[in-house]
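Structural overview for review
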Amino acid sequence: MYRRRLTSLPLFFSHFHQVKRADQLKIYQAFSTEIINPVESESSSTRNSPYVAFVLGGPGSGKGTQCLKIAETFGFEHIGAGDLLRKEMYSSTEEGSGPTKFCNIFPSEFSAMIQKLMREGSIAPSEVTVKLIQKAIESAENRKFLIDGFPRSEENRTAYERIIGAEPNFVLFFDCPEEVMVKRVLNRNEGRVDDNEHTVKERLKVYKAVTLPVVNHYAKKGKLYKVDGTGTQEEIFERVRPIFSSLSSLV
Ligand SMILES: Nc1ncnc2c1ncn2[C@@H]1O[C@H](COP(=O)(O)OP(=O)(O)O)[C@@H](O)[C@H]1O
Ligand SMILES: O=c1ccn([C@@H]2O[C@H](COP(=O)(O)OP(=O)(O)O)[C@@H](O)[C@H]2O)c(=O)[nH]1
Ligand SMILES: [Mg+2]
């Protein structure tokens, strides 16, 4: 467990277009044409505490794909919340690899529970996901993390803050039209129990009702980077790149 004081990034954010919406939320929109100057600020690494970016967006918005690119280019550790749950699910089922020493930290009955809720498109109990994330953070040598697909609810968010004792440094949000997300999910072809028409519809309902309030929370706090999630993977990454380039002197 770690505790640290909140990092303020007003200068960092000022290099992006601040968009005031009708609902008065502050959102920082990243444009690939921006030239970012690294800003002077207290470095996270000097405080020896994790530097955390949450990565949010609907199902199929491209979170996992972009996280891989960010991790490779900018040296972040990629923690996929859904991946942790899937590992937990498969580590204690017969179809999976059998109980494993590294990822199965919950009793085997959690496996069936996770499988059921993934199929339904609902959200795992916060304590389960946060403990898995905490373990992943603690066991990594890296101190810069992308936490992909979490928090998915306000309750997830407050459980993270309570258990981990910190807020994320910032939040990256992939904004993508529903029809684009559905098409990508249905073409994903990774054998996931939730990549089907019925579950994706349920997941979109959950996303709009339960996850978007988390996005709005971080927008209000001035911590949200909203990136257009349409176009090719490369085009999207060019929108993401300036955000992380500007961090290199900070973390
Ligand atoms: N920009 C893109 N254009 C087309 N397909 C994409 C793009 N980004 C990701 N994909 C594909 O869409 C699917 C969903 O992407 P993924 O990164 O898994 O999204 P998420 O993690 O947000 O659900 C994957 O099969 C991925 O290869
Ligand atoms: O913090 C999390 C992350 C994921 N999930 C579950 O895992 C599924 C798949 O999540 P993932 O992030 O892998 O899906 P993606 O958005 O990338 O398609 C979700 O629908 C939820 O059922 C969850 O309960 N809590
Ligand atoms: Mg994903």
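Residues numbered from 1 in each chain as written. Chains lettered and ligands numbered in written order. Predicted model: local features only at pLDDT ≥ 70, side-chain atom pairs only at ≥ 80, totals over all residues. Heavy atoms only, no water.

1. Comments concerning the overall build of the protein chain
A tally of helices and strands in the protein chain yields nine helices and seven strands. Relative to its 251 residues, the protein chain shows a buried fraction of 52%. For the protein chain, the proportion of contacts with a sequence separation of at least 24, taken over those separated by at least 6, is 76%. Accessible surface for the protein chain amounts to roughly 12000 Å². Of this, 52% is attributable to carbon and sulfur atoms. (Helix = DSSP H or I, 4+ residues; strand = E, 2+ residues; numbered from the N terminus. Buried < 20%, exposed > 50% of the residue type's maximum accessible area, 1.4 Å probe, protein only. Contact = heavy atoms within 4.5 Å. Areas by Shrake-Rupley, 256 points an atom, 1.4 Å probe, with all protein chains shown as cover.)

2. Quick word on the site of ligand 1
Taken together, 14 residues surround ligand 1, and among them G60, K63, T65, R188 and G231 come closest. At 3.2 Å, a backbone N or O of S61 approaches an oxygen atom of ligand 1. With the chains in place, 76% of the 560 Å² that ligand 1 exposes on its own is no longer accessible. With respect to the detected pockets, ligand 1 is housed in the largest pocket. It is helix α2 (residues 63-74) that provides the largest number of residues to the shell around ligand 1, a total of three residues. Along the lines of polarity and charge, the residues of the shell around ligand 1 split into two nonpolar, nine polar and three charged. (Near = heavy atom within 4 Å. Polar contact = N/O pair within 3.5 Å; in protein donor to acceptor, adjacent residues only side chain to side chain. 1 Å grid on protein atoms, 1.4 Å probe; cavity = no way out; pocket = protein on both sides within 12 Å on 5 of 7 lines; lining within 4 Å. Sits in = over half its atoms within 2 Å of the grid points. Nonpolar A, V, L, I, M, F, W, Y, C, P; charged D, E, K, R; others polar.)

3. Section: the layout of surface pockets
Size it by volume and the largest pocket reaches roughly 950 Å³. Lining the largest pocket are 46 residues, with G60, K63, R188, R192 and R203 positioned closest to its centre. Among the secondary structure elements, those contributing two or more residues to the lining of the largest pocket are β3 (51-57), α2, β4 (77-80), α3 (81-91), α4 (109-120), α7 (178-186), α8 (197-220) and α9 (233-245). Considered class by class, the residues forming the lining of the largest pocket number 14 nonpolar, 21 polar and 11 charged. (Points joined across faces, edges and corners; volume = space filled by probe spheres on them.)

4. Quick look at the confidence of the model for the protein chain
For the protein chain, mean pLDDT is 83; residues scoring 70 or higher make up 74% of the total. In the predicted structure, residues 1-15 sits below a pLDDT of 50 and forms 45 contacts with residues beyond four places in sequence or in another chain. Predicted confidence is poor over residues 31-46, with pLDDT under 50, and the contacts of this stretch with residues over four places away or in other chains come to 34 contacts. Listed scores for the predicted complex are pTM 0.86 and ipTM 0.99. (pLDDT = per-residue confidence, 0-100.)

5. Here's the deal with the pairing of strand β7 (residues 224-228)
Counting buried positions over the five residues of β7 gives four, a clear majority of the element. Relative to β7, strand β6 (residues 170-175) is paired through five bridges, and the arrangement is parallel. Paired with F174 across the strands is V227, a residue of β7. (Pairing = 2+ DSSP bridges.)

6. With respect to the site of ligand 2
Ligand 2 sits among 19 residues. The nearest are K63, R86, S122, A124 and R152. Contact distances for ligand 2 include 2.6 Å between an oxygen atom and a backbone N or O atom of S122. At 2.7 Å from an oxygen atom of ligand 2 is found a main-chain nitrogen or oxygen belonging to A124. Look at ligand 2: alone it shows 530 Å² of surface, and the protein chains cover 95% of it. Its atoms largely coinciding with the cavity grid, ligand 2 occupies the largest pocket. Where the shell around ligand 2 is concerned, the elements lending two or more residues are α3 and α4. The greatest single-element share of the shell around ligand 2, amounting to four residues, is contributed by α3. Here the residues of the shell around ligand 2 are counted per class, giving eight nonpolar, four polar and seven charged.

7. A few points about the nonpolar core
Core analysis: the biggest nonpolar cluster contains 38 residues, and F54, I133, I147, F150 and Y160 have the highest contact counts within it. Those elements that provide at least two residues to this core are β3, α3, α4, α5 (126-139), β5 (144-148), α6 (154-164), β6 and α8. Beyond its immediate sequence surroundings of up to four residues, F150 is in contact with F54, V55, L56, A81, T129, V130, I133, N156 and Y160. Judged by nonpolar contacts, the second largest core, of 21 residues, contains Y51, L146, L172 and L250. (Core = buried A, V, L, I, M, F, W, Y, C linked by side-chain atoms within 4.5 Å.)

8. Some points on α5
Look at α5: 20 Å from first C-alpha to last across 14 residues, which is about the 20 Å you get at 1.5 Å a residue. Among the residues making up α5, those that are buried are S126, V128, T129, V130, L132, I133, Q134, A136 and I137. Of the surrounding elements, those touching the buried residues of α5 are β4, α3, α4, β5 and α6. (Expected span 1.5 Å × (residues − 1).)

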